[in-house]
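One-letter residues, chain by chain:
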Amino acid sequence: MKAIVQDTYGPADVLQLRDIGRPAIGDDDVLVQVRAAGVDPGVWIFMAGRPYLARLASGLRRPRVPVRGRDLAGVVAAVGARVTRFQPGDEVYGTCLRGSYAEFASAPQRRLARKPANVAFTQAAAVPVSGMTALRAVRDSGEVRPGHRVLVIGASGGVGSLAVQIAKAYGATVTAVCAPAKADFVRSLGAEDVLDYTSEEIDRDGPVYDVVIDTGGDRPLSLLRRALTPHGTLALVGGAYAKGPMLSGYDRQMIRAPLLSLFVGQRLRSVSAVERAEDLDELRDLIESGALTPVVDRTYPLAEASDAIRHLRDGHPAGKVVLTI
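Small disclaimer: the values here were computed from a predicted structure and weren't measured.

Structural notes on the side chain of Asp214
And then number 1: Counting through the fold element by element, Asp214 comes out in strand S11 (residues 209-214).
And then number 2: Residues within four places of Asp214 in sequence aside, it is in contact with Ile153, Leu224, Leu234, Ala235, Leu236, Val237 and Arg252.

Here it is in structure tokens:
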């Protein structure tokens, strides 16, 4: 099968299209014929090996898993002996650990769910990593309830565009932070107000937000706190992944925010997306109800994965970048 692989860490040029063997599956695994795969900042991190802290998980000298990609949507080709939730021919979406930028991918059944019936494979592939992150930011870290005022920073991106919609579905009033060119886009997602970060700062209206979801990754905690109510919640998603070789801004959520939370009335929380089928099921229900619409900024064929990753890093996409396979 054809797959996007890399032998060493580096820029997008290290990615190569090669013929490799199909992945084996264990008793609890599902072999998926991949139709589409999402591109997100995590792909860039494990491709580049930066921040260096990520290499503890991916391999110190070279990638332990040579095939890139986590998100996938496709058709079940085979199932392991203990798989009970799927059978060949089922349309599924979810995540895998061994690389989804390939014609076939192996995934544990607990990381897969039935694909939303009302969207194409390309839209479904835009959801798993970003959608589960957005869901946890809104539902778990932010504990968003009806009547809350929610500020979403980076509202036009892969996580932000889904967080705006999920917060709306949970009954919140949403203000979106984005560039002026994306204002109409985020309003179409349900944001009642838009803050242009090129001319205004997020504390423009004072401490009025019950929840601030920051997907941007580099604003000081002191500034973010000035937009929160005295007992509001800050949900930190990711870091400024292109800044600094060691932690690349992740020290803000890994070290500084947890420590500061011990001494202030506001809750400063790091968002971690535990990937599980139950969250994929909730996201599917939101999509099939019409409350959540996955947005695909641009699609690329598998052979152009390097260009897709460059566009993600440099193009400020509206929604998600997706590979078609």
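There's plenty left to go through after this.
Details of the pattern of salt bridges
And then number 1: Under the defined criterion, the tally for this structure stands at 27 salt bridges.
And then number 2: Residues Asp13 and Arg310 are paired through a salt bridge, measuring 2.3 Å at the closest nitrogen-oxygen approach. One end of the pair, Asp13, is in the loop between strand S1 (2-5) and strand S2 (16-19); the other, Arg310, is in helix H10 (residues 305-314), with 297 residues separating them in the sequence.
And then number 3: Under the relative-accessibility criterion, Asp13 is labelled exposed at 59%.
And then number 4: Here Asp205 and Arg204 are joined by a salt bridge, their closest N and O atoms 3.1 Å apart.
And then number 5: The network of salt bridges with shared partners includes Arg136, Arg139, Asp140, Arg276, Asp279 and Glu282.

A look at the pairing of strand S4 (residues 71-79)
And then number 1: As paired strands, strand S3 (residues 29-39) and S4 are joined by 6 bridges and run antiparallel to one another. Within S4, the position partnered with Val32 by the bridge is Val76.
And then number 2: With 5 bridges joining them, S4 and strand S5 (residues 91-95) adopt antiparallel strand pairing. By the bridge assignment, Val75 is partnered in S5 with Glu91.

Section: the packing of aromatic side chains
Given two aromatic rings, one states the distance between the centres and the angle between the planes to describe the pair.
And then number 1: Tallying each qualifying case throughout the model produces 0 aromatic pairs.
And then number 2: The positively charged end of Arg50 is found above the aromatic ring belonging to Tyr52, 5.9 Å away from the centroid.
And then number 3: The ring of Tyr209 carries Arg149 above its face, with NZ or CZ at 5.2 Å from the centroid.

Observations regarding helix H4 (residues 128-141)
And then number 1: The buried count for H4 comes to 13 of 14 residues, which makes it a mostly enclosed element.
And then number 2: Positive backbone phi, approximately 50°, marks Glu143, located one or two places after H4.

Structural notes on the packing of H4 against helix H9 (residues 277-289)
And then number 1: Between H4 and H9, the least distance of the axes is 10 Å, while the angle of their chain directions is 90°. With respect to each other, H4 and H9 are oriented roughly perpendicular. Contact with H4, carried on its side by Pro128, Gly131, Met132, Leu135, Arg136 and Arg139, involves Asp279, Leu280, Glu282 and Leu283 of H9 and no other residues of that element.
And then number 2: For the contact of H4 with H9, the per-class residue count stands at 5 nonpolar, 1 polar and 4 charged.

Re the packing of H4 against helix H5 (residues 158-169)
And then number 1: At their nearest, the axes of H4 and H5 sit 8 Å apart, and the two run at 45° to each other. By the criterion of interaxial angle, the relationship of H4 to H5 is oblique. The two elements H4 and H5 cross, and the hand of that crossing is right-handed. Where H4 abuts H5, its residues Ser130, Gly131, Thr133, Ala134, Leu135 and Val138 lie against Gly158, Val159, Leu162, Ala163, Ile166 and Ala167.
And then number 2: In the contact of H4 with H5, the residues fall into 8 nonpolar, 4 polar and no charged.

Rules behind the numbers
- Residues numbered from 1 in each chain as written.
- Predicted model: local features only at pLDDT ≥ 70, side-chain atom pairs only at ≥ 80, totals over all residues.
- Heavy atoms only, no water.
- Helix = DSSP H or I, 4+ residues; strand = E, 2+ residues; numbered from the N terminus.
- Contact = heavy atoms within 4.5 Å.
- Salt bridge = Lys/Arg side-chain N within 4 Å of Asp/Glu carboxyl O.
- Buried < 20%, exposed > 50% of the residue type's maximum accessible area, 1.4 Å probe, protein only.
- Pairing = 2+ DSSP bridges.
- Phe/Tyr/Trp six-rings, centres within 6.5 Å; stacked < 30°, edge-to-face > 60°.
- Lys NZ or Arg CZ within 6 Å of the ring centre and 35° of its normal.
- Axes fitted to C-alpha atoms, helices over the stretch in contact; angles between N-to-C directions.
- Parallel < 35°, antiparallel > 145°, perpendicular 65-115°, else oblique.
- Nonpolar A, V, L, I, M, F, W, Y, C, P; charged D, E, K, R; others polar.
- Left-handed = near helix turned anticlockwise from the far one by under 90°.

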